[in-house]
Amino acid sequence: VFAGMVPWFFFAGALGDASNSLVTNANLLTKVYFPRLLLPLAAVSVPLVDLLIGLAILFALMWLHGYPPTWRVLTLPFFIGLAFLAALGLGLWFSALNVKYRDFQFIVPFVLQIGLYASPIGYGTSVIPPSWIMVYDLNPMVAVIDGFRWALIGGSFTVRPMAMAMALAITSAVVFSGTWFFRRTERAFADVI
């Protein structure tokens, strides 16, 4: 369970911080011009420190329980990068929407709470019925969490190629569309905020 919680807490923290990054730095936005994209990017980067601390604790737990890391641990940066990009893409959308519609700050925790149960943290992907697996794979964190478990624990955990392909496609679409929407609306940030 802890191997699933570490990437989820990184994603949830990064998305929550990024979605509020423009509103919490409103004074900075109205006084100085700088690339506004830096605020959500910095907000997504800060939880990486928490992720490293969580990974250190996880490695200590693995050592105590007799699960030494294998060569697969070298794939962790890929899964961390995928979670980073997913949080950044959604964070760009939510931060831009949060400037114009302040009620979005109440929607983000609700979305994260649903995502917690819609991601394989306390259970494995194997409990999902085959008829629902394509819908389940629309959540990019499914591939990230399964990848973390595969890279750290191995055993019966696998990385499904279809889930990974869908996660890459959806994350790419969210990052590109989030960047487009953010750049399109950023001219009005200082006036609206």
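Values in this document were obtained by computation on a predicted structure and should not be read as measured data. (Residues numbered from 1 in each chain as written. Predicted model: local features only at pLDDT ≥ 70, side-chain atom pairs only at ≥ 80, totals over all residues. Heavy atoms only, no water.)

Visitor: Would you mind showing me how to read the nonpolar core here?
Guide: Most often, soluble globular proteins keep nonpolar side chains buried together rather than apart. Residues Trp-8, Phe-11, Leu-55 and Phe-148 are the most contacted members of the largest nonpolar core, which totals 51 residues. Listing elements by their share of this core, those giving two or more residues are α1 (2-19), α4 (38-45), α5 (47-64), α6 (76-100), α7 (104-117), α9 (140-152) and α10 (161-185). Sort the elements by how many residues they give to this core and α6 lands first, with 14 residues. (Core = buried A, V, L, I, M, F, W, Y, C linked by side-chain atoms within 4.5 Å. Buried < 20%, exposed > 50% of the residue type's maximum accessible area, 1.4 Å probe, protein only. Helix = DSSP H or I, 4+ residues; strand = E, 2+ residues; numbered from the N terminus.)

Visitor: Before we go on, may I ask you to explain the packing of α1 against α5 in this structure?
Guide: Relative orientation and spacing of two packed helices are given, respectively, by the angle between their axes and the distance between those axes. Relative to each other, α1 and α5 sit at 170 degrees, their axes nearing to 9 Å. In terms of axis orientation, α1 runs roughly antiparallel to α5. Within the contact between the two elements, α1 uses Phe-2, Ala-3, Val-6, Phe-10, Gly-13, Ala-14 and Asp-17 and α5 uses Pro-47, Leu-48, Leu-51, Gly-54, Leu-55, Ile-57, Leu-58 and Leu-61. Among the residues making up the contact of α1 with α5, the classes are represented as twelve nonpolar, two polar and one charged. (Axes fitted to C-alpha atoms, helices over the stretch in contact; angles between N-to-C directions. Parallel < 35°, antiparallel > 145°, perpendicular 65-115°, else oblique. Contact = heavy atoms within 4.5 Å. Nonpolar A, V, L, I, M, F, W, Y, C, P; charged D, E, K, R; others polar.)

Visitor: Explain the packing of aromatic side chains here, please?
Guide: The description of two aromatic rings rests on the distance between their centres and on the angle between their planes. Summed over the entire model, instances satisfying the criterion amount to five aromatic pairs. Consider the rings of Trp-8 and Phe-11, whose centres lie 5.4 Å apart with planes at 45 degrees: the pair is tilted. Of the two residues, Trp-8 and Phe-11 both sit in helix α1, three residues apart, roughly one turn of that helix. Taken as a pair, Trp-8 and Phe-11 share a single burial class, namely buried. For the ring pair Phe-94 and Phe-104, a centre distance of 5.9 Å and an interplane angle of 40 degrees mean the geometry is tilted. Separated by ten residues along the polypeptide, Phe-94 in helix α6 and Phe-104 in helix α7 bring together distant segments of the chain. With respect to class, Phe-94 is no different from Phe-104; both count as buried. (Phe/Tyr/Trp six-rings, centres within 6.5 Å; stacked < 30°, edge-to-face > 60°.)

Visitor: What am I meant to see in the pattern of salt bridges here?
Guide: Opposite charge on two side chains lets them pair, provided their charged atoms get close. All told, the structure shown has three salt bridges when counted by the stated rule. The partner of Arg-160 in a salt bridge is Asp-146, with the nearest N and O atoms 4.0 Å apart. Of this pair, Arg-160 sits in the loop between α9 and α10 while Asp-146 is found in helix α9, placing the two residues 14 residues apart along the sequence. Given a relative accessible area of 24%, Arg-160 falls into the partly exposed group. Exposure remark for Asp-146: the relative accessible area of 8% places this residue in the buried category. (Salt bridge = Lys/Arg side-chain N within 4 Å of Asp/Glu carboxyl O.)

Visitor: Would you take a moment to explain a nonpolar patch on the surface for this structure?
Guide: A surface patch of nonpolar side chains, about 650 Å² in accessible area, is lined by Val-49, Ile-53, Ile-57, Leu-61, Trp-63 and Leu-64. By secondary structure assignment, the location of Ile-53 is in helix α5. (Patch = residues over 30% accessible without salt bridge, like charges linked within 9 Å, V, L, I, M, F, W, Y side chains within 5 Å. Areas by Shrake-Rupley, 256 points an atom, 1.4 Å probe, with all protein chains shown as cover.)

Visitor: Got a minute to help me understand the environment of Tyr-33 in this structure?
Guide: Structurally, Tyr-33 is set in the loop between α3 (26-31) and α4. Taking C-alpha positions, Tyr-33 is 46 Å from Tyr-123, a pair spaced 90 residues apart along the chain.

Visitor: Help me out: how do you make sense of the packing of α1 against α4 in this one?
Guide: Their axes nearest at 8 Å, the elements α1 and α4 cross at an angle of 155 degrees. Taken together, the axes of α1 and α4 are roughly antiparallel relative to one another. Relative to α4, the crossing made by α1 is right-handed. Here Phe-10, Ala-14, Asp-17 and Ala-18 of α1 come into contact with α4, specifically with Pro-40, Ala-43 and Val-44. Within the contact of α1 with α4, the residues separate by chemical class into six nonpolar, no polar and one charged. (Left-handed = near helix turned anticlockwise from the far one by under 90°.)

Limitation: the analysis is restricted to geometry and does not speak to function.
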